[in-house]
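Results of the structural survey
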Amino acid sequence: MQTEINWVDLRESARAAMAKAYVPYSKFMVGAAALTEDGRIVSGCNIENASYGLTLCAECSLLSDLFMTGGGRLVAFTCVDGHGNILMPCGRCRQLLFEHSAKGMVLETVSGFKTIDEVIPDAFGPRDLEERK
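About the thresholds
Residues numbered from 1 in each chain as written. Predicted model: local features only at pLDDT ≥ 70, side-chain atom pairs only at ≥ 80, totals over all residues. Heavy atoms only, no water. Helix = DSSP H or I, 4+ residues; strand = E, 2+ residues; numbered from the N terminus. Buried < 20%, exposed > 50% of the residue type's maximum accessible area, 1.4 Å probe, protein only. Contact = heavy atoms within 4.5 Å. Phe/Tyr/Trp six-rings, centres within 6.5 Å; stacked < 30°, edge-to-face > 60°.

Below, the discussion takes up unusual backbone geometry. Generally, phi is negative for residues other than glycine and the peptide bonds are trans, each holding for most cases. A positive phi angle is found at K27, which is not glycine, with a value near 65°. With respect to the helices and strands, K27 occurs in the loop between α1 (7-18) and β1 (30-36). Here D122, not a glycine, exhibits a phi torsion of approximately 60°, which is positive. For D122, a relative accessible area of 82% corresponds to the exposed category.

Following this line, the structure appears as structure tokens:
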């Protein structure tokens with residue numbers, strides 16, 4: 001089931017999540033929001049730790065929200081910085097998003113709208129495991 005994407009609402013949800021970021025070290029706030037197949041918006045913010053390697057990124061926080069609110073697949077995603085500017089998820093986070101994406105998920109990126117397959121080409125994930133059983 002494909003849900004219509006309201007990018008304005010999605011960006012606003014990312015901005016609201018960003019406002020809750022815990023960033024005492026970097027001061028670099030990040031908020032992320034995604035739309036699920038059933039029409040829910042899930043969101044997350046980055047949560048730093050003095051041991052930087054343990055920092056929780058906004059995308060991880062968003063995935064926690066996804067599962068806390070019923071799971072499902074993501075159909076659209078956006079991520080913003082402390083000024084509301086669009087951010088591109090890093091490679092690790094793209095893999096995390098791919099793992100929980102619906103086929104053809106759309107991301108708002110710094111260079112326009114792209115599918116998950118365009119931002120992480122030839123990715124390996126759960127669909128590959130299912131197809132190769």
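Moving on, we get to helix α2 (residues 58-68). Among the residues of α2, those classed as buried are A58, E59, C60, S61, L62, L63 and L66. On its buried side, α2 packs onto β1, β2 (41-45), β3 (74-81) and α3 (91-99). Among the residues trailing α2, G70 stands out with phi positive, at a value near 120°.

Another point: the packing of aromatic side chains. By the definition in use, this model includes two aromatic pairs. Between W7 and F113, the ring centres sit 4.7 Å apart and the planes meet at 50°, which makes this aromatic pair tilted. With a gap of 106 residues between them, W7 in helix α1 and F113 in strand β5 (residues 112-115) connect regions that are remote in the sequence. According to the relative accessible area criterion, W7 is buried, its value standing at 16%. When its relative accessible area of 48% is taken as the criterion, F113 is described as partly exposed. Taken together, a centroid distance of 6.1 Å and an interplanar angle of 90° make the contact between Y25 and Y52 edge-to-face. In this pair, Y25 is assigned in the loop between α1 and β1 and Y52 in the loop between β2 and α2, connecting sequence segments 27 residues apart. Classification of Y52 by relative accessible area gives exposed; the value is 53%.

The values are spatial; any link to function lies outside them.
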